[in-house]
Amino acid sequence: MDNRMAMTPKELRLLLAGLLVIVAGLILLAGGGSDDPNVFNYAMFDFRRLVAAPLVIVCGLVIEVCAIMGSKSKEE
């Protein structure tokens, strides 16, 4: 029976890093609402929410995929 973990510590660190990058992107995406519902707030259409946050989230997802699908160098 093989008692080794399915992922190496390096891959687990990459998973955690990807998760932190995704959370950072979601934090960038948050906010932009108006306190008064009768007043439209154009802050929701700024560069941070429309471009930066989605790019950060996609980068986090790419890190996650690389961590999961990373090359396995198993010596059998």
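Residues numbered from 1 in each chain as written. Predicted model: local features only at pLDDT ≥ 70, side-chain atom pairs only at ≥ 80, totals over all residues. Heavy atoms only, no water.

**Focus on the overall build of the chain**
- Of regular secondary structure, the chain possesses two helices and zero strands.
- With respect to the three principal axes, the spread of C-alpha positions in the chain is 65 × 20 × 15 Å.
- Here the chain, with 76 residues, has 16% of them falling under the buried criterion.
- Once local pairs closer than 6 in sequence are excluded, the contacts in the chain between residues at least 24 apart make up 71%.
- Element-wise, carbon and sulfur atoms account for 69% of the exposed surface of the chain, whose accessible area totals about 6100 Å².
- Across the chain, the mean location of the 7 positive side-chain charges is 6 Å away from that of the 8 negative side-chain charges. (Helix = DSSP H or I, 4+ residues; strand = E, 2+ residues; numbered from the N terminus. Buried < 20%, exposed > 50% of the residue type's maximum accessible area, 1.4 Å probe, protein only. Contact = heavy atoms within 4.5 Å. Areas by Shrake-Rupley, 256 points an atom, 1.4 Å probe, with all protein chains shown as cover. Lys, Arg positive; Asp, Glu negative; His and termini not counted. Charge placed at Lys NZ, Arg CZ, Asp CG, Glu CD.)

**What to know about the packing of aromatic side chains**
- Summed over all chains, the structure comprises two aromatic pairs.
- Residues Phe-40 and Tyr-42 carry aromatic rings whose centres are separated by 4.8 Å and whose planes lie at 80° to one another, so their mutual orientation is edge-to-face.
- Members of the aromatic cluster, joined through ring pairs, are Phe-40, Tyr-42 and Phe-45. (Phe/Tyr/Trp six-rings, centres within 6.5 Å; stacked < 30°, edge-to-face > 60°.)

**What to know about a nonpolar patch on the surface**
- Together, Phe-40, Tyr-42, Met-44, Phe-45, Phe-47, Leu-50, Val-51 and Leu-55 make up an exposed nonpolar region whose accessible area comes to about 870 Å².
- Of note, Phe-47 is situated in helix H2 (residues 47-69).
- Under the relative-accessibility criterion, Phe-47 is labelled exposed at 57%. (Patch = residues over 30% accessible without salt bridge, like charges linked within 9 Å, V, L, I, M, F, W, Y side chains within 5 Å. Salt bridge = Lys/Arg side-chain N within 4 Å of Asp/Glu carboxyl O.)

**Overview of the environment of Glu-11**
- Its location among the elements puts Glu-11 in helix H1 (residues 9-29).
- The exposure class assigned to Glu-11 is buried, which follows from its relative accessible area of 7%.
- Distance from Glu-11 to Ala-67, taken between C-alpha atoms, is 5.0 Å for residues 56 residues apart in sequence.

**Considerations on the packing of H1 against H2**
- Interhelical geometry of H1 versus H2 gives an angle of 165° and a closest axis separation of 8 Å. Relative to H2, the element H1 is oriented roughly antiparallel. As for the relative orientation of H1 and H2, their crossing is left-handed in sense. Across from Glu-11, Leu-14, Leu-15, Gly-18, Leu-19, Val-21, Ile-22, Ala-24, Gly-25, Leu-26, Leu-28 and Leu-29 in H1, the residues of H2 making contact are Arg-48, Arg-49, Ala-53, Val-56, Ile-57, Cys-59, Gly-60, Leu-61, Ile-63, Glu-64, Ala-67 and Ile-68.
- Within the contact of H1 with H2, the residues separate by chemical class into 17 nonpolar, three polar and four charged. (Axes fitted to C-alpha atoms, helices over the stretch in contact; angles between N-to-C directions. Parallel < 35°, antiparallel > 145°, perpendicular 65-115°, else oblique. Left-handed = near helix turned anticlockwise from the far one by under 90°. Nonpolar A, V, L, I, M, F, W, Y, C, P; charged D, E, K, R; others polar.)

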